[in-house]
Amino acid sequence: MIRFVLLAAAGRPGFVMTKMTKRIFDLTLALALIILLSMPILVIVLWIRLTSKGPAIFWTDRVGVNNSIFKMAKFRTMKLNTPQVATHLMENPERYLIPGGAFLRKFSLDELPQSFNVLKGDMSFVGPRPALFNQADLVALRTEKDVHKLIPGITGWAQVNGRDDLPIPVKVSFDEYYLSHRSFAFDLYILFLTAIKVIKKEGVQH
């Protein structure tokens, strides 16, 4: 029922989302999540520090709006000597995982620190997933399609339609669709689908 309501609302002019509306929504949701999940966040930090060498938070260079580089935060789920490439491109990535790393990834708990990226304004909750600094082919195609003008998101239309299983041209086509159909209701629909996929543990590879 919720799915059909969101889909119907997405096409209505009254649901068109301005930059200010999106920013207010992002700030409100980010603050709420940080407050509500403060204890689980603390537990995860302690677990990582006690079971592996290195910091609990891993900062990675990502491509942001207008192809600017920013530091994206994640809970560290891999050892310090892990190559900085997309996980689905690694050979036997499981050997790099720290204790509990697979669990954090399976339920996307490693993404929780990105709420602070949202507060800062480097990211939104919904948008194209930020490319790694060395994913030149993905960055180039997004630039060609004007997708680089969007603030990257924790989740996005491509994320709920295949995630790492998607070839780059297909992924960018989903990003381009989102660029042309942005609305408050569409964002809510994407967040709703994201929650379902996290619960079902679908498409988790990175």
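Residues numbered from 1 in each chain as written. Predicted model: local features only at pLDDT ≥ 70, side-chain atom pairs only at ≥ 80, totals over all residues. Heavy atoms only, no water.

Relative to the assigned elements, Gln114 resides in helix H5 (residues 114-120). By relative accessible area, Gln114 is classed as buried at 0%. With residues near it in sequence (within four places) discarded, Gln114 still touches Met72, Ala73, Lys74, Met123, Arg129 and Ile154. (Helix = DSSP H or I, 4+ residues; strand = E, 2+ residues; numbered from the N terminus. Buried < 20%, exposed > 50% of the residue type's maximum accessible area, 1.4 Å probe, protein only. Contact = heavy atoms within 4.5 Å.)

Ranked by internal contacts, the top residues of the largest apolar core, which has 21 residues, are Val118, Met123, Phe125, Trp157, Tyr178, Phe186 and Ile190. Only strand S2 (69-75), strand S3 (124-126), helix H7 (168-180) and helix H8 (184-200) provide two or more residues apiece to this core. Here this core gets 4 residues from one element, more than from any other, and that element is H8. One finds Ala56, Phe75, Ile98 and Leu112 within the second-largest nonpolar core, a separate group that totals 8 residues. (Core = buried A, V, L, I, M, F, W, Y, C linked by side-chain atoms within 4.5 Å.)

Turning our attention to the pattern of salt bridges. When the charged atoms of two side chains lie near each other, side chains of opposite charge can form a pair. According to the stated counting rule, one finds 8 salt bridges in the structure shown. With its nearest N and O atoms 2.8 Å apart, the salt bridge here joins Lys71 to Asp61. Here the residue Lys71 occupies a position in strand S2, and Asp61 occupies one in strand S1 (residues 57-63), the gap between them amounting to 10 residues. Classification of Asp61 as partly exposed rests on a relative accessible area of 24%. (Salt bridge = Lys/Arg side-chain N within 4 Å of Asp/Glu carboxyl O.)

Each α-helix winds once per 3.6 residues, and so residues spaced three or four apart point in a common direction. If you check H8, its first and last C-alpha atoms are 25 Å apart, about what 17 residues at 1.5 Å a residue would give, namely 24 Å. Three or more residues of H8 are buried, namely Ala185, Phe186, Asp187, Tyr189, Ile190, Leu193 and Thr194. (Expected span 1.5 Å × (residues − 1).)

Confidence in the prediction for the protein averages 87 pLDDT; 85% of positions are at 70 or higher. This model gives residues 8-15 a pLDDT under 50, and the stretch forms 8 contacts once residues within four places in sequence are excluded. (pLDDT = per-residue confidence, 0-100.)

Glancing now at helix H3 (residues 38-51). The end-to-end C-alpha separation of H3 is 20 Å, in line with the 20 Å expected for 14 residues at 1.5 Å each. Buried residues of H3: Ile41, Ile44 and Ile48, and no others. End-on, the buried residues of H3 take up no more than an arc of 60°, which puts them together on one face. Opposite the buried face of H3, at more than 90 degrees from it, the exposed residues are Met39, Val43, Arg49 and Leu50. Contacts made by the buried residues of H3 are with S2 and helix H4 (101-106). (Arc of directions from axis to C-beta.)

Our next topic: the pairing of S2. Most of S2 is tucked away, with 5 of its 7 residues classed as buried. Strand direction decides the pairing type here: S1 and S2, joined by 7 bridges, are antiparallel. Across the sheet, Ile57 pairs through a bridge with Phe75, a residue of S2. Count of turn residues in the S1/S2 antiparallel hairpin: 5 residues, of which Asn66 carries a positive phi of about 55°. (Pairing = 2+ DSSP bridges.)

Moving on, we get to empty space enclosed by the protein. Counted under the stated rule, the structure contains 2 cavities of 30 Å³ or more. Taken together, 14 residues form the lining of the largest cavity, with Val63, Gly64, Arg142, Val147 and His148 sitting closest to its centre. For the second largest cavity, the calculated volume is near 40 Å³. If you go around the second largest cavity, the residues you meet are Gly127, Pro128, Arg129, Arg142, Gly156, Trp157, Ala158, Gln159, Lys171 and Asp175. Along the lines of polarity and charge, the residues of the lining of the second largest cavity split into 3 nonpolar, 3 polar and 4 charged. (1 Å grid on protein atoms, 1.4 Å probe; cavity = no way out; pocket = protein on both sides within 12 Å on 5 of 7 lines; lining within 4 Å. Points joined across faces, edges and corners; volume = space filled by probe spheres on them. Nonpolar A, V, L, I, M, F, W, Y, C, P; charged D, E, K, R; others polar.)

Under the definition given, this model contains 8 aromatic pairs. Plain terms: the ring middles of Phe25 and Phe184 are 5.3 Å apart, the flat faces sit at 85° to each other, and that makes the pair edge-to-face. With a gap of 159 residues between them, Phe25 in helix H2 (residues 19-36) and Phe184 in helix H8 connect regions that are remote in the sequence. Centroid distance Trp157 to Phe186: 4.9 Å. Interplanar angle 65°. Geometry classified as edge-to-face. Here the residue Trp157 occupies a position in the loop between strand S4 (153-155) and H7, and Phe186 occupies one in helix H8, the gap between them amounting to 29 residues. Take Trp157 and Phe186: they sit in the same class, and that class is buried. An aromatic cluster is defined as three or more aromatic residues linked by ring pairs; in this entry it consists of Trp157, Phe174, Tyr177, Tyr178, Phe186 and Tyr189. (Phe/Tyr/Trp six-rings, centres within 6.5 Å; stacked < 30°, edge-to-face > 60°.)

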